[in-house]
Structure formats: structure tokens, C-alpha cells
Amino acid sequence: MEQIEWFESDENHGGEDLAQAWLLKLHKALAGLGQMPGKHPPAPENGRWRPEFEVRQLLFRPWKSGIGWRVLFVIDEPKRQVTVLQIRHERRRWMFEVEE
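Predicted model only: the values in this text are computed from it and were never measured.

Enquirer: I'm lost on the pattern of salt bridges in this one. Help?
Expert: Note on pairing: side chains with opposite charge can pair once their charged atoms come close. For the structure on display, the rule yields 3 salt bridges. A salt bridge links Glu45 to Arg70; the nearest nitrogen and oxygen atoms lie 2.5 Å apart. Placement of the pair is Glu45 in the loop between helix 2 (15-33) and strand 1 (56-60) and Arg70 in strand 2 (residues 69-76), with a sequence separation of 25 residues. The buried category is assigned to Glu45, whose relative accessible area is 0%. With relative accessibility at 5%, the residue Arg70 sits in the buried group.

Enquirer: Can you walk me through unusual backbone geometry in this structure?
Expert: Residues other than glycine predominantly adopt negative phi, and peptide bonds predominantly adopt the trans conformation. Unusually for a residue other than glycine, Arg80 sits at a positive phi of about 55 degrees. Note that Arg80 resides in the loop between strand 2 and strand 3 (81-89). Judged by its relative accessible area of 78%, Arg80 falls in the exposed class.

Enquirer: What should I look at first to understand the environment of His40 in this one?
Expert: Here His40 is to be found in the loop between helix 2 and strand 1. What makes His40 buried here is its relative accessible area of 11%. Ignoring anything within four residues of it in the chain, the contact list for His40 reads Leu33, Arg56, Gln57, Leu58 and Phe73.

Enquirer: Looking at this model, I keep getting lost on the packing of aromatic side chains. Mind explaining?
Expert: Describing an aromatic ring pair means giving the distance of the ring centres and the angle of the ring planes. Counted under the stated rule, the structure contains 3 aromatic pairs. Residues Phe60 and Trp69 carry aromatic rings whose centres are separated by 6.0 Å and whose planes lie at 45 degrees to one another, so their mutual orientation is tilted. Each member of the pair, Phe60 together with Trp69, is buried. Members of the aromatic cluster, joined through ring pairs, are Trp22, Phe60 and Trp69.

Criteria and thresholds
- Residues numbered from 1 in each chain as written.
- Predicted model: local features only at pLDDT ≥ 70, side-chain atom pairs only at ≥ 80, totals over all residues.
- Heavy atoms only, no water.
- Salt bridge = Lys/Arg side-chain N within 4 Å of Asp/Glu carboxyl O.
- Helix = DSSP H or I, 4+ residues; strand = E, 2+ residues; numbered from the N terminus.
- Buried < 20%, exposed > 50% of the residue type's maximum accessible area, 1.4 Å probe, protein only.
- Contact = heavy atoms within 4.5 Å.
- Phe/Tyr/Trp six-rings, centres within 6.5 Å; stacked < 30°, edge-to-face > 60°.

This is how it looks when you write it as C-alpha cells:
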């Protein structure tokens, strides 16, 4: 995962310890997502990226800085399954927008 590699490459700002802390917090957030996925709002991509899916988002903010990541996911009710599509930094463009 690009984010883990980025944290690990910057020893001045936490390095591997920061990467492991981020990953642990992400795992906890994803475990909670499986309990009540429907409580999370639709993502801006919903209806615009792949109209056949209801795309929702979990805002993942592990640090006090306020900047975080959007966990984009879909729910398959009949299978009682949540599928994570992407984890995107909040400052990145939406999936239906062209990245430059």
C-alpha cells in the first residue's frame, strides 16, 4: 500500500513505527465498518462513478490533525458483505474526476 511505504520512507516523521500505528488504526476502523456499514453516508462518487453500485464512504482520521482518508466501499445486502473499493487521501480528486 502506497501510504505504508510513504510513512516507512520518512524516518524523520515516524517511519516504520508510524506506518504500523496507521495500519493498526485502519484495521480497527475496517473491523467496525463490518458491524454497521449502512450508517456511513454515500460517497461523492455515488451514482457518478459506477451507477450500478451504491458507493459509501467511511472517513478515516487516525490523527488529531483532521486530515484523513476516505474508505470507499459497497454493501452486498444479500451476502451480508462489505467490499472496500479504495482508500483515498481526502485531498485526492474524486474517482470520477481525471487525476493529473
